[in-house]
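Observations on the three-dimensional arrangement
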Amino acid sequence: MRASTQTTILGLAVLAFSIALLWVTLGFAGEPRDRLFPQIILFLMAAVGIALMWKGASTRTIDERIAPALTARVRTWGAIALFPVCFAYPFLAYHIGFYATAFVFMSLVPLAAIWVQEPRNRTKPLRKLLIATLSSALFIAVLYLCFWIVLRLPLPSGILI
Amino acid sequence: MDIVIASQALILGVLGLLAGTLVGILPGLNAAVGIAVLLPFTFGLDPVVSLIFLGAVYTGGVYGGAITAILINVPGAPSNIATCFDGHAMARNGRAEEAIYFATIAHATGGVIGVLSLLLLAPPLGKFALKFGPAETFWTYIFGFTIVASLSPGALLKGLLACLFGVLLSTVGLSPINGALRFDFGVTQLAGGFDIVPALIGLFGFTQAVLLLVGDQKGWQVTYLRKRGLFFLVFRNLYARFYKLVLGSAIVGLLVGILPGAGASVAGLLAYANAKNMARNRGEFGKGAPEGVVAPESANSACLGGDLIPTLSLGIPGSPAAGVMIGALLVHGLVPGPSLFVEHASIAYDFMYGILLAQILLIPIGFWVARPAARLLIIKPAYLGSAIVILSVFGGYAVANSLFGVLTMSFFGLIGLLCRRLDVPIAPLVLGLILGTGAETSFMTSLELGEATGSLFAFFFGRPIAVVLIALCVISLLTSILIEYKIRKELAVSA
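Residues numbered from 1 in each chain as written. Chains lettered and ligands numbered in written order. Predicted model: local features only at pLDDT ≥ 70, side-chain atom pairs only at ≥ 80, totals over all residues. Heavy atoms only, no water.

**Some points on the overall build of chain A**
The helix and strand inventory of chain A stands at six helices and zero strands. Sequence-distant contacts in chain A: of pairs separated by 6 or more residues, those separated by 24 or more amount to 71%. Accessible surface computed for chain A: about 9100 Å², of which carbon and sulfur atoms make up 75%. (Helix = DSSP H or I, 4+ residues; strand = E, 2+ residues; numbered from the N terminus. Contact = heavy atoms within 4.5 Å. Areas by Shrake-Rupley, 256 points an atom, 1.4 Å probe, with all protein chains shown as cover.)

**Some details on the overall build of chain B**
In terms of regular secondary structure, chain B is built from 20 helices and two strands. Relative to the compact-globule value of 23 Å for 495 residues, chain B shows a C-alpha radius of gyration of 22 Å, a close match. Projecting the C-alpha coordinates of chain B onto the three principal axes gives extents of approximately 75 × 55 × 50 Å. Within chain B, the proportion of its 495 residues that are buried is 62%. Residue pairs in contact within chain B that sit at least 24 positions apart in sequence constitute 79% of those at least 6 positions apart. For chain B, the exposed area adds up to about 17900 Å²; of that, 68% sits on carbon and sulfur atoms. Of the charged side chains in chain B, 26 are positive and 21 negative, and the gap between their average positions amounts to 15 Å. (Rg over C-alpha atoms; globule rule 2.2 N^0.38 Å. Buried < 20%, exposed > 50% of the residue type's maximum accessible area, 1.4 Å probe, protein only. Lys, Arg positive; Asp, Glu negative; His and termini not counted. Charge placed at Lys NZ, Arg CZ, Asp CG, Glu CD.)

**Remarks on the packing of aromatic side chains**
Taken as a whole and judged by the stated rule, the model has 31 aromatic pairs over all chains. Centre to centre, the rings of Phe138 of chain B and Trp139 of chain B are 5.3 Å apart; their planes meet at 65°, and the pair counts as edge-to-face. Across this residue pair, the class does not change: Phe138 of chain B and Trp139 of chain B are buried. Chaining the aromatic ring pairs together yields one cluster made of Phe37 of chain A together with Phe138, Trp139, Phe443, Phe457, Phe460 and Phe461 of chain B. (Phe/Tyr/Trp six-rings, centres within 6.5 Å; stacked < 30°, edge-to-face > 60°.)

**A short note on the interface of chain A and chain B**
On the side of chain B, 65 residues touch chain A, which itself brings 72 residues to the contact. With both chains or domains summed, chain A and chain B bury close to 6000 Å², and 76% of this area falls on carbon and sulfur atoms. By the criterion of area lost to chain B, the three top residues of chain A are Arg33, Phe37 and Phe87 of chain A, representing 12% of everything that side buries. Linking chain A with chain B are two salt bridges. Close ionic contact of Glu451 of chain B with Arg33 of chain A constitutes a salt bridge, the shortest N to O distance being 2.7 Å. Elements with a contribution of two residues or more to the side of chain A that touches chain B: helix H1 (3-25), helix H2 (32-58), helix H4 (82-96), helix H5 (98-117) and helix H6 (125-150) of chain A. Ranked by residues supplied to the side of chain A that touches chain B, first place goes to H2 of chain A with 16 residues. (Buried area = accessible area lost by both parts, 1.4 Å probe. Salt bridge = Lys/Arg side-chain N within 4 Å of Asp/Glu carboxyl O.)

**Considerations on unusual backbone geometry**
A negative phi holds for most residues other than glycine; trans holds for most peptide bonds. Residue and element names in this part refer to chain B. One non-glycine residue, Phe183, lies in positive phi territory at about 55°. Within the secondary structure layout, Phe183 lies in the loop between strand E2 (181-182) and helix H8 (196-214). When its relative accessible area of 5% is taken as the criterion, Phe183 is described as buried. Despite not being glycine, Phe185 shows a phi value in the positive range, around 50°. Position of Phe185 relative to the elements: it lies in the loop between E2 and H8.

**Overview of the packing of H2 of chain A against helix H7 (residues 156-170) of chain B**
The angle between the axes and the distance between the axes are what describe a pair of packed helices. The N-to-C vectors of H2 of chain A and H7 of chain B enclose an angle of 155°; their axes lie 10 Å apart at closest approach. With respect to their mutual orientation, H2 of chain A and H7 of chain B come out roughly antiparallel. Considering how the two elements wind past one another, H2 of chain A and H7 of chain B form a crossing that is left-handed. Where H2 of chain A abuts H7 of chain B, its residues Phe37, Pro38, Ile41, Leu42, Leu44, Met45, Val48, Ala51, Leu52 and Lys55 of chain A lie against Leu157, Lys158, Leu160, Leu161, Leu164, Phe165, Val167 and Leu168 of chain B. (Axes fitted to C-alpha atoms, helices over the stretch in contact; angles between N-to-C directions. Parallel < 35°, antiparallel > 145°, perpendicular 65-115°, else oblique. Left-handed = near helix turned anticlockwise from the far one by under 90°.)

**With respect to the pattern of salt bridges**
A side chain with one charge can pair with a side chain of the opposite charge if their charged atoms come near. Considering all chains together, one arrives at five salt bridges over all chains under this definition. The closest approach of N and O atoms between Glu98 of chain B and Arg95 of chain B, which form a salt bridge, is 3.1 Å. A salt bridge links Arg463 of chain B to Glu136 of chain B; its shortest N-O distance comes to 2.8 Å. You can see Arg463 of chain B sitting in the loop between helix H19 (456-461) and helix H20 (464-494) and its partner Glu136 of chain B sitting in helix H6 (residues 134-150), a full 327 residues away along the chain. For Glu136 of chain B, a relative accessible area of 4% puts it in the buried group. One salt-bridge network, held together by shared partners, links Arg33 of chain A together with Glu448 and Glu451 of chain B.

Written as structure tokens, this is what we have:
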């Protein structure tokens with residue numbers, strides 16, 4: 001996608017977002033003064049959105065740069081799958097247990113990332129898994145020491161630890 | 001400071017320097033990420049010890065990137081771009097160790113100059129700011145917003161958008177005026193708004209960690225040999241031949257650092273360009289001239305002191321890392337701004353002296369740590385990314401002892417990723433998030449006082465300090481519009 005097109009779409013999205021939230025501000029309880037400042041900010045955002053759309057349209061003929069796609073530098077679909085894993089991990093950590101999920105995450109996710117991104121580096125998988133597991137265990141042990149013993153900050157255990 | 005706190009501060013200062021240097025060395029990580037991720041570890045510490053630790057992380061983080069820039073031609077942070085030009089050239093010519101020593105000593109010297117300036121300028125600036133009324137305070141915030149937004153050349157609109165979005169996010173929760181709930185969408189935890197610490201961890205730590213996981217998995221194998229006596233030779237050489245360059249570059253860094261949001265990347269490049277223009281051996285720049293390492297590193301380090309001047313005295317962060325330091329101050333119950341030097345003067349001064357000590361300790365630590373730390377470059381980014389994801393989640397929870405902190409961290413991580421992909425700068429967003437509540441409070445207070453005095457216009461636009469600040473806002477906006485116009489003209493010509 002060209003950079004100018006991306007700018008235009010961003011401007012449109014910002015304008016729609018600002019209008020939607022302006023509508024939301026009308027439903028605020030309390031005095032009109034409570035919604036004044038957010039409304040001013042949203043009006044300014046809408047103006048910036050319109051300016052972005054204008055900029056995108058007016059530079060279309062001269063700005064031929066290709067903007068990086070949302071998945072730029074992510075070579076394969078396997079790597080894209082790491083995004084939801086990273087966002088699911090915090091939620092799972094709370095319900096299953098911080099330390100258990102951290103151990104599994106640290107052992108498997110880097111290997112998966114390297115496996116996906118470097119097809120030539122798929123030799124000796126069991127050895128790499130063993131090293132990753134041991135390193136992960138050491139890392140988690142240090143974290144446990146820091147948080148539980150030094151900082152005295154217990155983290156929720158969830159179903160496991 | 002009593003003896004126990006002082007010894008804790010010294011030990012943690014050294015640890016902070018080491019941690020910061022390691023963070024700075026690793027490509028993709030920088031001082032802001034280091035401070036954000038390590039901040040939760042300081043919750044149980046004395047405020048002074050905590051701030052000295054984080055200040056040392058900041059110091060080491062800015063320095064560490066120079067090592068990567070010299071050894072593998074990859075800047076550890078944007079502030080080290082200029083160091084790559086001559087630093088890596090020296091490494092290719094077999095003078096890697098010499099380049100690192102020049103960078104270390106110049107960095108420490110520039111840093112000492114920067115922190116001494118901080119000690120001299122921040123308290124009087126803070127006292128001057130006590131004369132600010134709500135209107136002046138409001139325009140100070142607006143000036144900070146316009147400066148930060150305008151420092152993304154060619155992306156003024158995106159900078160403004162990021163800033164406004166940050167301010168909008170700061171309005172979530174209870175109104176500071178009448179306590180009305182805003183943008184809570186029925187979520188009880190949003191009544192208090194977004195906690196700044198998990199937000200910063202998400203924007204800096206989590207975002208970068210995910211990018212490391214899904215990006216190139218290249219590590220670097222780097223070794224270099226140590227030559228006896230070279231350190232003292234470089235030490236003597238630097239002060240004998242380059243003392244004027246170090247001083248001049250430090251002043252450049254200091255002035256750039258004072259501008260909110262400018263950051264060390266601008267300082268390093270400006271100092272390099274200045275050094276090249278003033279040098280007699282201009283032709284050697286880019287081929288391994290030591291001046292090409294000394295100038296940017298001195299400026300980078302002095303910039304740290306400059307960043308902290310508006311941060312501590314006005315509560316306006318001079319850089320993204322300084323913005324995270326504001327989060328650290330807030331966590332420990334210290335509100336940066338004019339009142340800091342009145343209500344918590346001893347803590348503020350202890351913090352500044354702690355950073356001064358960190359800058360001096362950088363010389364022995366840099367000497368010992370640089371070579372073994374360079375071996376960390378072999379670690380695949382996926383492992384670093386995983387470790388930071390885990391630390392971000394732990395840190396997000398540790399702030400509020402609830403899942404909401406973790407969710408806040410993830411939400412802002414998503415925002416950070418979107419910003420990176422859409423080329424929207426993050427620094428203005430951070431500034432808007434941190435300063436938004438203050439800007440609203442000062443705006444609404446000015447509105448009510450202006451109406452009470454019967455002249456709203458005069459209250460906002462008629463006071464002398466306010467007029468100066470408005471003029472500065474207009475100048476910064478006009479300058480950036482002019483730069484945008486020039487860039488578009490060049491695009492049109494080259495198309």
